[in-house]
Amino acid sequence: MIDISTLENWQTVTDRDAITRTFVFQDFKQAFAFMTQCALKAEQMDHHPEWFNVYNKVEVTLTTHDTGGVSDKDIMLAKYMNELA
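Quick caveat, the model's predicted, so the values are computed rather than measured. (Residues numbered from 1 in each chain as written. Predicted model: local features only at pLDDT ≥ 70, side-chain atom pairs only at ≥ 80, totals over all residues. Heavy atoms only, no water.)

Let's talk about the environment of M35
- As for its position among the elements, M35 is in helix α1 (residues 28-45).
- Taking the relative accessible area as the measure of exposure, M35 reaches 13% and is therefore buried.
- Linking M35 and V54, residues 19 residues apart in sequence, is a C-alpha distance of 12 Å.
- Ignoring anything within four residues of it in the chain, the contact list for M35 reads W51, N53 and V58. (Helix = DSSP H or I, 4+ residues; strand = E, 2+ residues; numbered from the N terminus. Buried < 20%, exposed > 50% of the residue type's maximum accessible area, 1.4 Å probe, protein only. Contact = heavy atoms within 4.5 Å.)

Digging into the pattern of salt bridges
- The final tally for this structure, using the stated rule, is one salt bridge.
- Across the salt bridge formed by R16 and E50, the nearest N and O atoms sit 2.8 Å from each other. Of the two residues, R16 is situated in the loop between β1 (11-12) and β2 (19-24) and E50 in strand β3 (residues 50-54); the sequence distance between them amounts to 34 residues. (Salt bridge = Lys/Arg side-chain N within 4 Å of Asp/Glu carboxyl O.)

Observations concerning the packing of aromatic side chains
- Taken as a whole, this structure holds five aromatic pairs when the rule is applied.
- Ring geometry for F25 and F34: centres 4.9 Å apart, planes at 40 degrees, overall tilted. As far as the burial class goes, F25 and F34 line up, both buried.
- With centroids separated by 5.8 Å and ring planes inclined at 35 degrees, the aromatic side chains of F28 and F32 adopt a geometry described as tilted. Highlighted residues: F28 and F32, both in helix α1, separated by four residues, approximately one helical turn.
- In this structure F28 comes out as partly exposed when scored by relative accessible area, which is 39%.
- Cluster of aromatic residues (ring-pair linked, three or more members): W10, F23, F25 and F34. (Phe/Tyr/Trp six-rings, centres within 6.5 Å; stacked < 30°, edge-to-face > 60°.)

Section: the environment of N9
- Structurally, N9 is set in the segment before β1.
- In this structure, the C-alpha to C-alpha distance between N9 and Y55, residues 46 residues apart in sequence, is 20 Å.

Side note on a nonpolar patch on the surface
- On the surface, a nonpolar cluster with roughly 540 Å² of combined accessible area is contributed by F28, F32, F52, V54 and Y55.
- Mapped onto the nonpolar patch, the elements with two or more residues apiece are α1 and β3. (Patch = residues over 30% accessible without salt bridge, like charges linked within 9 Å, V, L, I, M, F, W, Y side chains within 5 Å. Areas by Shrake-Rupley, 256 points an atom, 1.4 Å probe, with all protein chains shown as cover.)

Here it is in structure tokens:
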């Protein structure tokens, strides 16, 4: 498994090889703007997050299905999300 200790606020998922983080914003508009920017980056990377949004919260889970677990793509996207947030 890849070391995620350098990823601020990300945790490993207990029952699978994945990482997760919940982002909290001031309101829905900011949460949706974050998701939009992340979606564009994810499409560019051909790597798409599992995510769930309610109002100002965006829960993200990253794993690389092709490799069956966390890969460099997940780390790169997680770092991008951290910088964007």
